[in-house]
Amino acid sequence: MATLAKSRMIQAAPASTGLTELQQRALNKAAWRLIPLLALAYFFNYLDRTSVGFAALTMNQDLGLSASQFGWGAGIMFFGYCLFEVPSNLAMYRFGARKWMARIMITWGLAAAATALATSPNSFYAIRAVLGIAEAGFFPGVIYYLSVWFPPQYRTRVLTWFTLAIPLSSLIGGPVSVWLLQTDGMLGMKGWQWMFIIEGLPACVLGLVTLKILADKPANARWLTPEERAALEAMAASEHTSKASRSFLPALKDARIYILSLITFCFTVGSYGIGIWLPQILKGHGLSNLMTGWVSAVPYFFVVVGMMAWARRVDRSGRRIANLGAACLLAALGLMFSIGFDQLLPAMAGITLALVGTNAARAIFYTIPSRFLSGQAAAGGIAFINTFGAMGGFVGPYLVGYLKEATGSFQAGMLGMAAGLVVATLLSYSLRYYLRDE
């Protein structure tokens with residue numbers, strides 16, 4: 001079983017890549033050492049961001065939050081996140097991924113657990129803003145970090161294994177979150193308070209594990225043989241010599257960075273808009289809190305399957321831009337389909353397609369910047385791009401909440417997110433003019 005699993009995480013590359021047995025063995029070791037830990041950390045990272053949607057089922061009444069206030073509080077964490085995203089990633093480049101990512105995990109875990117201390121809308125806003133500052137730089141830091149270890153022909157697959165943490169956090173986290181809501185009254189605390197504490201503190205433990213497990217780069221990996229370290233370093237060196245941008249400030253003159261920033265903003269609006277509001281959308285169909293948790297998990301089973309299948313297709317074809325555009329278009333069509341029905345089943349079918357599209361788009365998207373950025377430019381450039389995505393993480397939840405309060409339904413918010421995804425589709429296909437080797 002272990003051998004079979006290893007072959008599936010990093011399958012043999014096509015013959016055209018010319019990888020040797022030594023290179024393949026080194027990549028397998030790196031994948032099994034790094035990806036499970038980072039994916040588990042991202043599992044809790046995404047859960048700590050979006051579990052607030054389940055907390056809202058009871059928390060909003062306790063704190064006196066309206067729909068627009070909740071949308072503002074759910075999204076405000078991205079303000080702090082955006083401000084500290086680039087500095088955090090540049091600090092990681094300077095001080096090393098092992099120490100810096102451990103610091104991020106520990107501080108975000110404490111901030112997520114501290115959400116249990118909220119007593120009013122303003123304290124809820126403040127704690128969520130601190131959470132954003134604490135976790136700034138984790139996702140783009142991992143994207144840059146994995147680009148140091150894995151060559152281009154593996155990156156879509158590797159990033160898919162990593163970003164599978166997103167649908168898995170919702171697949172598992174939804175039922176767990178609503179179960180934790182049932183602890184209401186235990187030791188005099190509300191169920192939503194227990195939920196934040198129990199789901200937040202594991203990140204602190206993972207931060208300590210990270211200090212033991214990670215190596216900043218192949219040269220520092222004692223768990224590789226000298227030959228394996230040399231093989232990975234040689235692959236990285238051969239790739240970096242062909243890249244135009246290695247310093248951060250000159251890279252900001254590259255138009256591709258701004259196009260990519262707009263793309264990630266648009267599909268992140270859809271991803272977080274759906275993810276955070278899905279529990280309350282389901283609640284509007286008359287489901288109990290417990291059923292809301294279980295039903296909200298169903299789309300993410302199909303997201304996991306869809307992401308894995310799509311990643312294999314992209315790595316085999318190499319057509320990242322075409323598939324990125326197709327994923328954004330699928331998400332837009334799914335959202336438009338979902339608002340055409342009042343019945344739960346067809347509406348959920350549309351939302352499922354939208355979630356498959358936005359999650360597949362994310363995994364494909366982050367293989368593109370490392371095609372023309374390396375070194376400090378990659379660390380800072382990916383963080384700069386992801387900052388715009390983080391802004392989408394604020395706009396999506398707030399937009400849906402504002403339009404829900406203004407119109408009395410979620411349809412206007414869904415339509416707004418679909419429009420953003422159509423823009424992302426068009427921008428994705430425009431990249432063909434800037435990356436002509438696609």
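Residues numbered from 1 in each chain as written. Predicted model: local features only at pLDDT ≥ 70, side-chain atom pairs only at ≥ 80, totals over all residues. Heavy atoms only, no water.

To continue, consider the overall build of the protein. The secondary structure content of the protein amounts to 19 helices and 0 strands. Its C-alpha atoms give the protein a radius of gyration of 21 Å, within 12% of the compact-globule value 22 Å for 438 residues. C-alpha atoms of the protein, sized along the principal axes, occupy 60 × 45 × 45 Å. Burial analysis of the protein (438 residues in total) assigns 59% to the buried set. Intrachain contacts of the protein at a sequence separation of at least 6 include 82% that bridge at least 24 residues. Computed over 33 positive and 18 negative side-chain charges, the inter-centroid distance for the protein is 5 Å. (Helix = DSSP H or I, 4+ residues; strand = E, 2+ residues; numbered from the N terminus. Rg over C-alpha atoms; globule rule 2.2 N^0.38 Å. Buried < 20%, exposed > 50% of the residue type's maximum accessible area, 1.4 Å probe, protein only. Contact = heavy atoms within 4.5 Å. Lys, Arg positive; Asp, Glu negative; His and termini not counted. Charge placed at Lys NZ, Arg CZ, Asp CG, Glu CD.)

Throughout the structure, instances matching the rule amount to 2 salt bridges. The salt bridge partner of R25 is E228, with a shortest N-O separation of 2.8 Å. With R25 in helix α2 (residues 21-50) and E228 in helix α12 (residues 226-240), the pair connects residues that are 203 residues apart, well separated along the chain. What makes R25 partly exposed here is its relative accessible area of 38%. Here E228 falls in the buried class, since its relative accessible area comes to 1%. Linking K29 and E228 is a salt bridge whose minimum nitrogen-to-oxygen distance equals 3.0 Å. Taken as a pair, K29 in helix α2 and E228 in helix α12 lie far apart in primary sequence, 199 residues in all. With a relative accessible area of 34%, K29 lands in the partly exposed category. (Salt bridge = Lys/Arg side-chain N within 4 Å of Asp/Glu carboxyl O.)

Turning our eyes to something else, we now look at the side chain of S428. Relative to the assigned elements, S428 resides in helix α19 (residues 411-430). For S428, a relative accessible area of 0% corresponds to the buried category. Apart from the residues within four sequence positions on either side, S428 is in contact with I263, I321, L324, G325 and C328.

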